[in-house]
Amino acid sequence: MTLVLIFLATLFVAYANGANDNFKGVATLFGSGIASYRQALALATASTLAGSVTSVFLAAELVRMFSGKGLVPAAVAASPHFLLAVAIGAGCTVLLATLLAFPISTTHGLTGALVGAGAMAAGSEMNLGVLGGAFFLPLLLSPLMAVVLTMAAYLVLRRLSVVRRARADACVCIGQESVAVLLPTSRPVFAAGLADASPVVVAVMRLTAAVGSAADCAHRYPGQMWGVSVQRLLTSVHLVSAAVLSFARGLNDTPKIVALMLVVQALDIRLGMLAVAISMAVGGLLNARKVARTVSLKIASMSDGQAFTANIVTGLLVIAASGFGMPVSTTHVSVGAISGLGFINGSVNRGVLRNIVLSWVLTLPIAAGLAALAWFITESL
């Protein structure tokens, strides 16, 4: 019975992960207006699934790390109650953040849950030294690296675009604006059925025009490069970069979640990967919208070229980390890259960014507390 609960709890973590994380790989497509929400979500789902399948061959080290081995004694790491508590703590934390529209890290949630359940199950035998270099350092450094690398990459690419004369055209945004107008009159003006000879305020509509920025209207890149329209080329590589990023996320996150069900020895690891991948896809399809709006529209505005830069930097960082067995957070890297663009173009919403960082800080203690409580309850049953 306990093994069945572990399997179901692991799928719950995968569902919560998909709901909170799946859209982050394509956030720049939606944010820059290249794709609609549904189109971006479809690309994210397919690419993440491909990454999840590939993780069977390339990410064995992450499976080992998130099984708890090295952090707690081997006997504890193989305990069904320990793994069940970790799954419950991490899954509840990520799902709660999703419902509140906070893009947090499933990696952070799993790390906190491992610490909370490990403290209850192993006590003083828990190896806290493992947490520094193997867990916390990559999680702390990855968003900072994303900010710096994205800013540097964008400056280089922007300089290249100037040399190649492929800079975006300025645009004029035409719209309507409601304006309150004071109408002085000595003759009765009937408003809402009342006659009044005193001045009244009425609302009228007027046309407005302004030079657009990335926040106001979409940039369009003129000219050709290598015989191809610059705009079409940029849109194509942007779509590819989003697919690469979603692929990287599936590659990096799936092994961490599958590690929770290793104790279910009757289940083939490949079937476990497939079950996790499907649960992640369902979670993204059903519950991604709130977090999608936060990451795509509320952190910073971006042009097509800027969004492409953020995707490439994020994808390469996550893929490299997966290859070296480093548990970085796709969320941290993606938000860091988008924020880096916001700092460059001046559009970063510091209030939203501050709340996101605060949610990251709270993820570890909340997941640890929920996992400790889950261990206490399951152990006493």
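Above: the structure in question.
Since we're looking at a predicted model, the values are computed, not measured.

Draft legend 1. Helix H7 (residues 106–122), seen in detail. Between its terminal C-alpha atoms H7 stretches 23 Å, which fits the 24 Å expected from 17 residues at 1.5 Å a residue. Extensive coverage of H7 is indicated by the burial of 13 of its 17 residues. Two or three places before Thr-107, at the start of H7, stands the capping residue Ser-105, its side-chain oxygen 3.1 Å from that residue's backbone nitrogen. One or two residues past the end of H7 sits Gly-123, with phi positive at roughly 60°.

Draft legend 2. Main features of the packing of helix H13 (residues 330–345) against helix H14 (residues 350–380). Axis separation between H13 and H14 bottoms out at 12 Å; the angle between their running directions is 160°. Taken together, the axis directions place H13 and H14 in an arrangement best described as roughly antiparallel. In the packing of H13 onto H14, the handedness of the crossing is left-handed. Counting all contacts with H13, which are made through Thr-331, His-332, Val-335, Ser-339 and Phe-343, the residues of H14 involved are Arg-350, Leu-353, Ile-356 and Trp-360. Its residues assigned to classes, the contact of H13 with H14 shows five nonpolar, three polar and one charged.

Draft legend 3. Looking closely at unusual backbone geometry. The phi dihedral of Ala-101 is positive, around 70°, even though this residue is not glycine. Structurally, Ala-101 can be placed in the loop between helix H6 (80–99) and H7.

Draft legend 4. Just the packing of helix H1 (residues 2–21) against helix H9 (residues 230–258), in detail. H9 packs onto H1 with a crossing angle of 155° between their chain directions and a minimal axis gap of 10 Å. By the criterion of interaxial angle, the relationship of H1 to H9 is roughly antiparallel. Note on packing geometry: the crossing formed by H1 with H9 is right-handed. Where H1 approaches H9, its residues Thr-10, Val-13, Ala-14, Asn-17 and Asp-21 are matched on the opposing element by Arg-249, Asp-253 and Ile-257. Among the residues making up the contact of H1 with H9, the classes are represented as three nonpolar, two polar and three charged.

Draft legend 5. Main features of the pattern of salt bridges. Counted under the stated rule, the structure contains three salt bridges. Salt-bridge contacts for Asp-21 lead to Lys-24; the nearest nitrogen and oxygen are separated by 2.6 Å. You can call Asp-21 buried: its relative accessible area is 2%. Since its relative accessible area comes to 3%, Lys-24 is described here as buried. Here Arg-249 makes a salt bridge to Asp-253, at a shortest N to O gap of 2.8 Å. Of the two residues, Arg-249 and Asp-253 are both situated in helix H9; the distance of four residues between them amounts to about one turn of the helix. Each member of the pair, Arg-249 as well as Asp-253, is classed as buried.

Criteria and cut-off values
- Throughout this description, residue numbers start from 1 for each chain and increase along the sequence as written.
- In view of the model being predicted, local features appear only for residues whose pLDDT reaches at least 70, and side-chain atom pairs are presented and counted only at 80 or more, with totals across whole chains, interfaces and linings using the full set of residues.
- Remark: hydrogens and water are excluded; side-chain values derive from all non-hydrogen atoms of the structure.
- Helix and strand assignments come from DSSP, with helices taken as H or I runs of at least 4 residues and strands as E runs of at least 2, each series counted from the N terminus.
- Helix span, expected: 1.5 Å multiplied by one less than the number of residues in the helix.
- Only protein chains enter the accessibility calculation, which uses a 1.4 Å probe; a residue whose area is less than 20% of its type maximum is buried, one above 50% is exposed, and one in between is partly exposed.
- Polar contacts, as used here, are pairs of N or O atoms within 3.5 Å; protein pairs need one atom able to donate a hydrogen and one able to accept it. Residues neighboring in sequence count only if both atoms are side-chain atoms.
- Where helices are involved, their axes are fitted lines through C-alpha atoms of the stretch in contact, as for all axes, and angles between N-to-C directions lie from 0 to 180°.
- Angular relationships are summarised with four words: roughly parallel below 35 degrees, roughly antiparallel beyond 145, roughly perpendicular across 65 to 115, and oblique for the angles in between.
- What makes a crossing left-handed is the near helix being turned counterclockwise from the far one by less than a right angle; a clockwise turn instead makes it right-handed.
- Here, residues are in contact when the closest pair of their heavy atoms is within 4.5 Å.
- Residues were grouped as follows: Ala, Val, Leu, Ile, Met, Phe, Trp, Tyr, Cys and Pro as nonpolar; Asp, Glu, Lys and Arg as charged; and all remaining residues, including Gly, as polar.
- Here a salt bridge means any side-chain nitrogen of Lys or Arg lying within 4 Å of a carboxyl oxygen belonging to Asp or Glu.

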